[in-house]
Amino acid sequence: MAGLPSDLPEDEAEALENGKVSDLTLVQNAQRDDVGAYDELVRRYQERIYATVYHMTSNHEDANDLVQETFIKAYRALKTFKGDSSFYTWVYRIAVNKTINFLKQRKNRLHMSLNDVDFNAENDPDLVALVSEKTPRRDLNMAELQDKLNGAMLKLSEHHRMVVTLHDIQGLSHEEIGEIMGCNIGTVRSRLFYARQQLQAYLTDYLK
Amino acid sequence: MNSDPKEFDTLRKLMALKRHEQPPREYLDELSHSIRMRIERGEGRANIWDKLSAHFSLRPSLAYAFGLTVCGALSFSAFYMGKQEMTEAADSSGSGTFRAVPVSAFPSQVQPVTPLHVANWLRNTNPSVESQPQLSLFNTSRQVVPVSYQTGY
């Protein structure tokens with residue numbers, strides 16, 4: 001980061017280095033009703049937000065609606081965004097709250113809809129390793145695995161599912177998850193531990 | 001929770017496979033387009049409730065505090081009004097045991113004072129014909145005169 005002022009926020013400095021407009025600049029422009037700037041922010045984060053919501057709901061249509069609602073709500077609330085956290089964390093928090101509320105309201109109506117989502121894990125080295133000769137599930141196919149994984153996820157409580165989604169699937173750190181979910185790192189760790197224990201029990205056939 | 005870090009290694013690898021579940025590229029282009037269209041249609045405009053809920057969703061403690069304040073204000077006003085009514089009732093009745101309700105509070109229940117009609121049925125036996133209300137048989141303008149039952153004086 002040589003040549004850049006040291007007092008710049010990390011996000012700003014990284015953006016300058018890559019020749020991109022930083023999130024902060026885009027947020028400031030969007031706060032002045034520049035829809036184009038907000039559109040750029042949406043494009044930057046929609047994939048990650050979609051993935052989080054999709055892994056929580058296991059339903060493409062619900063994920064689609066919730067992602068749209070999240071970004072529209074974020075746009076409405078953009079003027080209240082003071083930049084205390086990154087835009088990315090802030091919008092994630094809105095998505096997480098919206099998704100958890102949605103899941104609580106529709107507890108009995110959860111159903112999986114996976115047809116519109118591609119699952120191209122065949123060539124993943126981890127999968128090849130998992131489906132080794134020692135595994136009793138050598139014959140498992142992708143659709144079945146996807147079904148089992150999503151079924152196991154849906155058995156977890158919303159908060160446990162969220163922690164697994166953010167950590168094990170999306171690769172966020174404990175600190176980031178704590179900030180997004182509004183809890184401390186200890187809570188994140190304990191939720192992750194209990195969620196993994198439950199998943200291990202549900203997916204025991206695939207983990208031998 | 002002090003488990004072996006390798007305890008969940010296989011599980012983590014298995015869960016990481018879910019990263020491959022991704023929507024087609026065109027879908028994401030369409031998604032951002034839909035969001036932009038909805039904002040341009042005016043759905044992105046915030047009203048007072050949106051601003052409040054934005055604060056609340058980001059700071060749940062603020063929502064609880066707001067809820068408590070509203071409940072407190074309502075309870076206090078209900079209690080205060082009840083107390084005030086009881087005080088008024090006590091003032092008007094004197095004893096405070098019974099509540100005195102002013103007649104003017106129920107205008108629909110107040111009947112106009114009309115003279116007593118007596119023996120309309122003697123003159124009209126047809127129930128379908130409504131008889132006109134008659135004035136009192138007694139002339140109310142007359143004054144009461146003491147009567148003497150003694151005779152021969």
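Every value quoted in this text rests on a predicted model; they were computed, and no experiment measured them. Here the residue numbering is sequential within each chain, running from 1 through the sequence in written order. Working convention: letters from A go to chains and numbers from 1 go to ligands, in the order in which they are written. Since the coordinates come from a predicted model, pLDDT governs what is reported: local features require at least 70, and pairs of side-chain atoms require 80 or more to be given and counted, while whole-chain, interface and lining totals use all residues.

## Brief notes about the overall build of chain B
When you go through chain B residue by residue, the secondary structure sums to 5 helices and 1 strand. Taken from N to C terminus, the helices and strands of chain B fall in the order α-β-α-α-α-α. In this scheme the burial state of a residue depends on its C-beta neighbours within 10 Å: 20 or more other such atoms mean buried, 12 or fewer mean exposed, and anything in between means partly exposed; the C-beta positions come from the backbone. Considering chain B as a whole, with its 153 residues, one finds that 8% of them fall into the buried category. For the purposes of this entry, the term helix denotes a DSSP run of H or I that reaches at least four residues, the term strand denotes a run of E that reaches at least two, and both are numbered from the N terminus.

## Comments concerning the overall build of chain A
The helix and strand tally for chain A stands at 10 helices and 1 strand. In sequence order, chain A lays out its α and β elements as α-α-α-α-α-β-α-α-α-α-α. Counting over 208 residues, chain A shows a buried share of 34%. Working definition of a contact: two residues with C-beta atoms, positioned from the backbone, lying within 7 Å. The long-range share in chain A, meaning contacts at least 24 apart out of those at least 6 apart in sequence, stands at 62%.

## Here we look at the confidence of the model for chain A
When pLDDT is averaged across chain A, the result is 82; 74% of the residues are at 70 or more. In the predicted structure, residues 1-5 of chain A sits below a pLDDT of 50 and forms 5 contacts with residues beyond four places in sequence or in another chain. The predictor reports its confidence for every residue as pLDDT, a score running from 0 up to 100.

## Side note on the nonpolar core
Put simply, a nonpolar core is buried Ala, Val, Leu, Ile, Met, Phe, Trp, Tyr and Cys residues tied into one set by C-beta atoms within 7 Å. Counting residues in each nonpolar core, the largest one holds 54 residues, and the members touching the most others are A:Val53, A:Val67, A:Val91, A:Val163 and A:Val164. Broken down by element, the residue count for this core peaks at 9 residues, all from helix 3 (residues 35-57) of chain A. For this core, the two domains that each supply at least three residues are domain 1 (20-106) and domain 2 (121-208) of chain A. Sequence-distant contacts of A:Val67, that is, excluding residues within four places in its chain, are made with A:Gln46, A:Ile49, A:Tyr50, A:Val53 and B:Leu31. Marked domain ranges trace back to an automatic or database domain assignment.

## A word on the environment of A:Gln31
Residue and element names in this part refer to chain A. Its location among the elements puts Gln31 in helix 2 (residues 23-31). The exposure class of Gln31 is partly exposed, given the 15 C-beta atoms found within 10 Å. Sequence separation between Gln31 and Tyr75 is 44 residues, and the spatial gap between their C-alpha atoms is 8.4 Å.

## Concerning helix 2 (residues 25-43) of chain B
Residues and elements named next belong to chain B. To estimate how far a helix should extend, the number of its residues minus one is multiplied by 1.5 Å. In a regular helix each residue adds 1.5 Å, so 19 residues correspond to 27 Å; helix 2 covers 25 Å between its end C-alpha atoms and thus fits that length. Burial in helix 2 covers these residues: Leu31, Ser32, Ile35 and Ile39. Buried residues of helix 2, viewed axially, fall in a sector of 90°; they line one side. For helix 2, exposure combined with an orientation more than 90 degrees from the buried face picks out Glu26, Asp29, Met37, Glu40, Arg41 and Gly42. This arc is built from the directions going out from the helix axis to the C-beta atoms.

## Focus: the packing of helix 3 of chain A against helix 5 (residues 87-105) of chain A
All names here are of chain A. Simply put, an axis is a line fit to the C-alpha atoms, just over the touching stretch for a helix, and the angle between two N-to-C directions goes from 0 to 180 degrees. Between helix 3 and helix 5, the least distance of the axes is 10 Å, while the angle of their chain directions is 30°. For the element pair helix 3 / helix 5, the angle class is roughly parallel. Seen along the crossing, helix 3 lies across helix 5 with a hand that is right-handed. Here Leu41, Tyr45, Ile49, Thr52, Val53, Met56 and Thr57 of helix 3 come into contact with helix 5, specifically with Phe87, Tyr88, Val91, Tyr92, Ala95, Thr99 and Leu103. Oblique is the label for every angle not falling under 35 degrees (roughly parallel), over 145 degrees (roughly antiparallel), or within 65 to 115 degrees (roughly perpendicular). Helix crossings fall into two classes, left-handed where the near helix is turned counterclockwise from the far one by less than a right angle and right-handed where it is turned clockwise.

## Re the packing of helix 3 of chain A against helix 4 (residues 60-76) of chain A
Angle between the axes and distance between the axes are the two parameters that describe a pair of packed helices. All names here are of chain A. Helix 4 packs onto helix 3 with a crossing angle of 140° between their chain directions and a minimal axis gap of 9 Å. The orientation of helix 3 relative to helix 4 falls into the category oblique. Helix 3 and helix 4 meet at a crossing whose hand is right-handed. The segment helix 3 lies against helix 4, with Tyr38, Val42, Gln46, Ile49, Tyr50, Val53, Tyr54 and Thr57 engaging His60, Asp62, Ala63, Leu66, Val67, Thr70, Phe71 and Tyr75.

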